[in-house]
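# Chain and residue survey
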Amino acid sequence: MRAYLLNLKLKGMKNIYKEIKLSFYKPDLKNFNSGKYRVKGIFGRNGIGKTALVKSVEIVKNIVVEENYLKNRKNQAMLGRLINKNTGIFHIGMEFLLLKGNKRILSHFLELEKKKGKIVVRSEKIELQNIKGEIIDEIEILKGKVIKAKKGGFSIEAEKMEHICSELTEEKSILNFFKEDRNNEGKENDLISLYHIYDFLIKVYTQDSDKSVLKLCKDIRTVEEVKKRVRKKAEFLKLFISDLKNVRIEEKKIEKGYFLEFILEYRDYSLNIDFESMGIRNLFLLYDYFIDVYEGKIVFADEIDLSIHEVYLNKIVEFLARMGEGQLVFTCHNTGLLDILKKFRYSIDFLTENQEIESWKQKGNSSPRLKYREGMLKDMPFNIEYYDFYPLFTGDDE
């Protein structure tokens, strides 16, 4: 299943109290070509809500893919902290263009609310449209009950629909019921396709993600797959580390499978990757996500520039923008990337002080980097001078 993310809307996550919308492609879909629309960088000051964007996608992915996600106490506690206290409701909508067969638009809307001390699914809606925007099919759920379904019903068998209606609760997404169908070629409908998008195509990298470079593999087949990938990673790292010779894998058989450690071998010494610099560890981990973009997946990455040299990151992003088959959406503070991104379309969004998305529109040879750094963009002033720090570092309280 190939799909392209067209739009993302959200409201009510962390400090985002107004609805914001990210657009990834021009409105006209008749002659769709993602060639210059594969990357998007999101920029803004610290604490403005960039991480909330990526975290929102991770949450909806987990709710769709993990049947018991909302029953987990830790997840409940986390969501209770993350949902904006003023709105009380978290809303997210994602619109995908399905590229297999006849092109069509598949939209998914999900709302969470706090009810009797628990975070639950308040509503969920899925729409199927043709590229003209005409609704072909839809299904809508409110408080755990199916309240609307067009006659087509996404080709859901009567028995399946009956099962869904009896088992669906406010702790589940309707897409949970299509997990078992995703590998059954005899059962194809666009709800299965949507589950597949969340399960297989969307990948999320946040600073909360598991950063462990140790690997636990259940069987020897998985070990061999990891070894094959690590050989590629070694060649990738050699582009940045001139004296790196190889990445060796040390495997240990344990009760649950195989435990793998990665050793970087240099000319004169060897070093466990746990003791490498943060930048090298991040490159080692991010390589998997870069491969995902290259192969056609939709990757969201928060603070992609953390500890990675600007020159290297610029070249990687440009490569994925020109040669990748998927989409890369990332938050960033590295302003050097702006001059790379301006070569592409719908590739730069600024999240302003008023919680609005301002998309960069290239005019002549103007530089988004210079305008951003000099506070010349709407509602994005960098109104701080070096001497503003003085009273914060002196002992004088007056």
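Just above sits the structure.
Overview of the structure. (Residues numbered from 1 in each chain as written. Predicted model: local features only at pLDDT ≥ 70, side-chain atom pairs only at ≥ 80, totals over all residues. Heavy atoms only, no water.)

### Some thoughts on the overall build of the chain
Let me state the cut-off plainly: A run of DSSP states H or I qualifies as a helix once it reaches four residues; a run of E qualifies as a strand once it reaches two. Both are numbered from the N-terminal end. The size measure is the radius of gyration over C-alpha atoms, and the globule rule it meets is 2.2 Å times the number of residues to the 0.38 power. Only protein chains enter the accessibility calculation, which uses a 1.4 Å probe. A residue is then buried if its area is under 20% of the maximum for its type, exposed if over 50%, and partly exposed in between. We call two residues in contact when some of their heavy atoms are within 4.5 Å. Surface accessibility in these figures is a Shrake-Rupley result with a 1.4 Å probe; residues are shielded only by whichever protein chains are displayed. Charged residues are defined narrowly, with Lys and Arg counted positive, Asp and Glu counted negative, and His plus the chain ends left uncounted. Throughout, a charge is located at the NZ atom of Lys, the CZ atom of Arg, the CG atom of Asp or the CD atom of Glu.
The helix and strand inventory of the chain stands at 10 helices and 17 strands. Whereas a compact globule of 398 residues would reach a radius of gyration of roughly 21 Å, the chain reaches 23 Å, a difference of no more than 12%. Dimensions along the principal axes, computed over C-alpha positions, put the chain at roughly 65 × 60 × 50 Å. Among the 398 residues that make up the chain, the fraction classed as buried is 50%. Pairs at least 24 residues apart make up 60% of the contacts formed inside the chain by residues separated by at least 6 positions. Counting every atom, the chain has about 21100 Å² of accessible surface; 47% of that belongs to carbon and sulfur. Seen as two clouds, the 71 positive and the 62 negative side-chain charges of the chain have centres 3 Å apart.

### Looking at the sheet that holds strand β17 (residues 357-359)
Our working rule: Criterion used throughout: strands pair if DSSP finds at least two bridges between them. Convention adopted: a line fitted to C-alpha atoms gives each axis, helices being fitted over their contacting stretch, and angles between N-to-C directions are expressed from 0 to 180 degrees.
Read from one edge of the open sheet, 6 strands run β9-β14-β15-β3-β16-β17, paired in mixed fashion. Across the chains shown, the open sheet's two edge strands, defined by having one partner strand only, are β9 (202-205) and β17. For this sheet, the mean inter-axis angle between neighbouring strands, taken without regard to orientation, is 15 degrees. Judged from the 4 bridges that link them, strand β14 (residues 298-301) and strand β15 (residues 327-331) form a sheet pairing that is parallel. Note that in β15 the partner of I298 across the bridge is Q327. Against the sheet, helix α4 (residues 190-201) contacts β9 and β14, and its axis sits at roughly 40 degrees relative to β9.

### Topic: the side chain of N130
Just so we agree on the cut-off: Contacts described as polar in this section are N or O atom pairs within 3.5 Å, which, within protein, must combine one atom able to donate a hydrogen with one able to accept it, while residues neighboring in sequence count only if both atoms come from side chains.
The topology assignment puts N130 in strand β6 (residues 118-130). Here the side chain of N130 touches K132 through a polar contact of 3.0 Å, landing on its backbone nitrogen. Polar side-chain contacts of N130 include one of 2.7 Å to the side chain of E134. Among residues more than four places away in sequence, those in contact with N130 are I105 and I136.

### A closer look at the sheet that holds strand β5 (residues 104-115)
Spatially, β2-β1-β4-β5-β6-β7-β8 is the arrangement adopted by the 7 strands of the open sheet, whose pairing is antiparallel. Edge positions in the open sheet fall to β2 (20-23) and β8 (145-149), since each of these has one partner strand only. Averaged over all pairs of adjacent strands, the angle between their axes in this sheet comes to 15 degrees, without regard to strand direction. Where β6 lies against strand β7 (residues 135-142), 7 bridges are found, and the strand directions are antiparallel. In the sheet register, E124 faces β7, and the bridge partner there is I141.

### A look at α4
For an α-helix, 3.6 residues make a turn, and residues three or four places apart therefore share a direction. Counting buried positions along α4 gives 9 out of 12 residues, so the element sits mostly inside the fold. Every buried residue of α4 is accounted for by D190, L191, I192, S193, L194, Y195, I197, Y198 and L201.

### Some thoughts on the environment of L285
Secondary-structure assignment places L285 in helix α6 (residues 278-294). According to the relative accessible area criterion, L285 is buried, its value standing at 13%.

### So, empty space enclosed by the protein
Defined as follows: Here a cavity is any set of points on a 1 Å grid over the protein atoms alone where a 1.4 Å probe fits but cannot get out, and a pocket is any open set with protein on both sides within 12 Å along at least 5 of 7 lines; a residue lines the site when it has an atom within 4 Å of a point. Grid points are joined across faces, edges and corners, and a volume is the space filled by probe spheres set on the points. Any residue outside Ala, Val, Leu, Ile, Met, Phe, Trp, Tyr, Cys, Pro, Asp, Glu, Lys and Arg is labelled polar, Gly included; the first ten of those are nonpolar and the last four are charged.
For the coordinates displayed, the defined rule picks out 2 cavities of 30 Å³ or more. Of the pockets and cavities examined, the largest cavity occupies roughly 90 Å³. What lines the largest cavity is R2, A3, Y4, F32, S34, L99, G296, K297, I298, E325, G326 and Q327. Looking at the lining of the largest cavity residue by residue, the class counts come to 5 nonpolar, 4 polar and 3 charged. Taken as a whole, the second largest cavity spans an internal volume of roughly 40 Å³. Lining the second largest cavity we find Y4, F24, Y37, R38, V39, K40, Q327, L328, V329, R345 and Y346. Of all the secondary-structure elements, those providing two or more residues to the lining of the second largest cavity are β3 (39-43) and β15. Among the residues making up the lining of the second largest cavity, the classes are represented as 7 nonpolar, 1 polar and 3 charged.

### Here's the deal with the pattern of salt bridges
Rules: Each reported salt bridge corresponds to a side-chain nitrogen of Lys or Arg within 4 Å of a carboxyl oxygen of Asp or Glu.
With the rule as written, the count across this model stands at 25 salt bridges. Put simply, R122 and E111 hold a salt bridge, and the shortest N to O gap is 2.8 Å. With a gap of 11 residues between them, R122 in strand β6 and E111 in strand β5 connect regions that are remote in the sequence. The buried category is assigned to E111, whose relative accessible area is 17%. Residue K115 is joined to E170 by a salt bridge in which the shortest nitrogen-to-oxygen separation is 3.0 Å. Taken together, the positions of K115 in strand β5 and E170 in the loop between α3 (158-167) and α4 put the pair 55 residues apart, joining distant regions of the chain. Residue K115 is classed as partly exposed on the basis of its relative accessible area of 31%. Classification of E170 by relative accessible area gives buried; the value is 18%. The structure contains a network of salt bridges with shared partners spanning E111, E113 and R122.

### Details of the pairing of β6
Among the 13 residues that make up β6, 10 are buried, leaving the element largely enclosed by the rest of the structure. Taken together, the 12 bridges between β5 and β6 define a ladder with antiparallel strand orientation. Counted as the bridge partner of L112 is V121 from β6. Between the antiparallel neighbours β6 and β7 lie 4 residues, among them G133 with a positive phi of about 90 degrees.

That is the geometry; function is a separate question.
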